[in-house]
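# Close look at the chain arrangement
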Amino acid sequence: MTSRSKEKVAAAFRKLFRSSEKRDNDGAGPSGSPARRGLFRRHRDGVTPAETTASLPASPTGNSLSRKKAGAATDVRERAAAVRTRRLMKELKEIQRSHENRSDPVFTVELVNDNLFEWHVRLHQIDPESELAADLRELNISNILLHLVFPENFPFAPPFMRVIEPRIEKGFVMEGGAICMELLTPRGWASAYTVEAIVMQFAASVVKGQGRVARAPPRSSREFSKRRAEEAFRSLVKTHDKYGWVTPSLSDG
């Protein structure tokens, strides 16, 4: 290569260097802004990617999102509790109003330990021609005592109801006093159903199922309790969901 050619190559390299330097100063090229040039210098000097990430603004933490979700869940529970309270207060007043001028109400209601969400219902009247009614008269039993517990999402879910006394055989009454009635299941329930509708449905079902007052001690050694009734109810719901229901419809009540 001649000396003239060497000078041309050297001039071309100088021009290329000045062009690259100008782009760096103007913010173009790979090292663009001062902040990016600083990052490139730090990386060149041995700064790790983790250190550069730590210098970026922090994103919202998981704890913050969890608090928001917890707050939303609390709001939902509070609204559900308000709906349940208003509905039960309304039903209780209507039942009391309808019975206050009657000397022989079909059923009466009392709160358990003043708890609005737990009721005792005494069914005083069933079909007088039924064998169950004859049993009650013979044994001088004035009513059938029912226990109702209303869940947090009532009236969008059914209450749990069982017979406390007397112990009834057949009549769609199961162990622990559980009641085999489609209306009391999530599938058969509708929020428009009232406590009165539930009680009248039971009065029809227990007669059509040929219920009788148990005279002999129960054959099963299992305890007669709410816990046992809940277990029996869960079991029978699974069975009937699979094979269908045969209890009377609400219109029969």
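Parameters at a glance
Residues numbered from 1 in each chain as written. Predicted model: local features only at pLDDT ≥ 70, side-chain atom pairs only at ≥ 80, totals over all residues. Heavy atoms only, no water. UniProt positions renumbered as here; feature names shortened; annotations may be inferred. Salt bridge = Lys/Arg side-chain N within 4 Å of Asp/Glu carboxyl O. Helix = DSSP H or I, 4+ residues; strand = E, 2+ residues; numbered from the N terminus. Buried < 20%, exposed > 50% of the residue type's maximum accessible area, 1.4 Å probe, protein only. Expected span 1.5 Å × (residues − 1). Arc of directions from axis to C-beta. Phe/Tyr/Trp six-rings, centres within 6.5 Å; stacked < 30°, edge-to-face > 60°. Lys NZ or Arg CZ within 6 Å of the ring centre and 35° of its normal. Pairing = 2+ DSSP bridges. Axes fitted to C-alpha atoms, helices over the stretch in contact; angles between N-to-C directions.

The name given to the protein in an unreviewed UniProt entry is E2 ubiquitin-conjugating enzyme, with Pieris macdunnoughi as the source organism. You can read under Function (unreviewed entry) in the UniProt record for the protein the words "Probable E2 ubiquitin-protein ligase that catalyzes the covalent attachment of ubiquitin to target proteins. May facilitate the monoubiquitination and degradation of MTOR and CCNE1 through interaction with FBXW7."

Further remarks concern the pattern of salt bridges. Counted under the stated rule, the structure contains 10 salt bridges. The shortest N-O distance in the salt bridge between R212 and E131 comes to 3.4 Å. Residue R212 is located in strand β6 (residues 212–213), and its partner E131 is located in helix α5 (residues 131–138); the two are separated by 81 residues in the primary sequence. You can call E131 partly exposed: its relative accessible area is 49%. A salt bridge links E231 to R228, with the nearest nitrogen and oxygen atoms 3.1 Å apart. A residue pair is termed a helical-turn pair when its members lie 3 or 4 positions apart in one helix, as E231 and R228 do in helix α7 (residues 226–243) at three residues. Judged by its relative accessible area of 29%, E231 falls in the partly exposed class. Within this structure, E131, D135, E138, R212 and R215 form a network of salt bridges that share partners.

Glancing now at α7. The terminal C-alpha atoms of α7 lie 25 Å apart, and with 18 residues this matches the ideal 26 Å at 1.5 Å per residue to within 8%. When α7 is considered as a whole, its buried residues turn out to be R228, A229, A232, F233, L236, V237 and H240. Down the axis of α7, the buried set is contained in an arc of 165°. They therefore lie on one face. Facing away from the buried side of α7 by more than 90 degrees, the exposed set consists of R234, K238 and K242. Positive backbone phi, approximately 100°, marks G244, located one or two places after α7.

Tallying each qualifying case throughout the model produces five aromatic pairs. Relative to F150, the ring of W119 lies with its centre 5.1 Å away and its plane at 65°, an arrangement referred to as edge-to-face. Here F150 lies in the loop between β3 (144–149) and β4 (160–165) and W119 lies in strand β2 (residues 115–123), a separation of 31 residues in the sequence. Residues F160 and F233 carry aromatic rings whose centres are separated by 5.9 Å and whose planes lie at 80° to one another, so their mutual orientation is edge-to-face. On the criterion of sequence distance, the pair formed by F160 in strand β4 and F233 in helix α7 is long-range, its members being 73 residues apart. Residue F160 is classed as buried on the basis of its relative accessible area, which comes to 15%. Cluster of aromatic residues (ring-pair linked, three or more members): W119, F150, F154, W189 and Y193. Taking NZ or CZ as reference, R84 lies 3.5 Å from the ring centre of F117, over its face.

A word on the sheet that holds strand β1 (residues 107–112). Reading across from one edge, β1-β2-β3-β4 is the order of the four strands in this open sheet, with antiparallel pairing throughout. With one partner strand each, in any of the chains shown, β1 and β4 form the two edges of the open sheet. Averaged over all pairs of adjacent strands, the angle between their axes in this sheet comes to 30°, without regard to strand direction. In the sheet, β3 pairs with β4 via five bridges, with the strands oriented antiparallel. The residue bridging H147 from the neighbouring strand is R162, located in β4.

Okay, unusual backbone geometry next. The amide bond that connects F154 to the next residue, P155, takes the cis arrangement and shows omega of 10°. Following E165, the chain continues into P166 via a peptide bond in cis, with omega recorded as -10°. Mapping P166 onto the fold places it in the loop between β4 and β5 (168–169). Positive phi is not limited to glycine here, since N113 has a value of about 55°. Take N113: it is sitting in the loop between β1 and β2. Positive phi, normally seen in glycine, also occurs at Q210, with a value near 60°. Take Q210: it is sitting in the loop between α6 (195–208) and β6. With a relative accessible area of 52%, Q210 lands in the exposed category.

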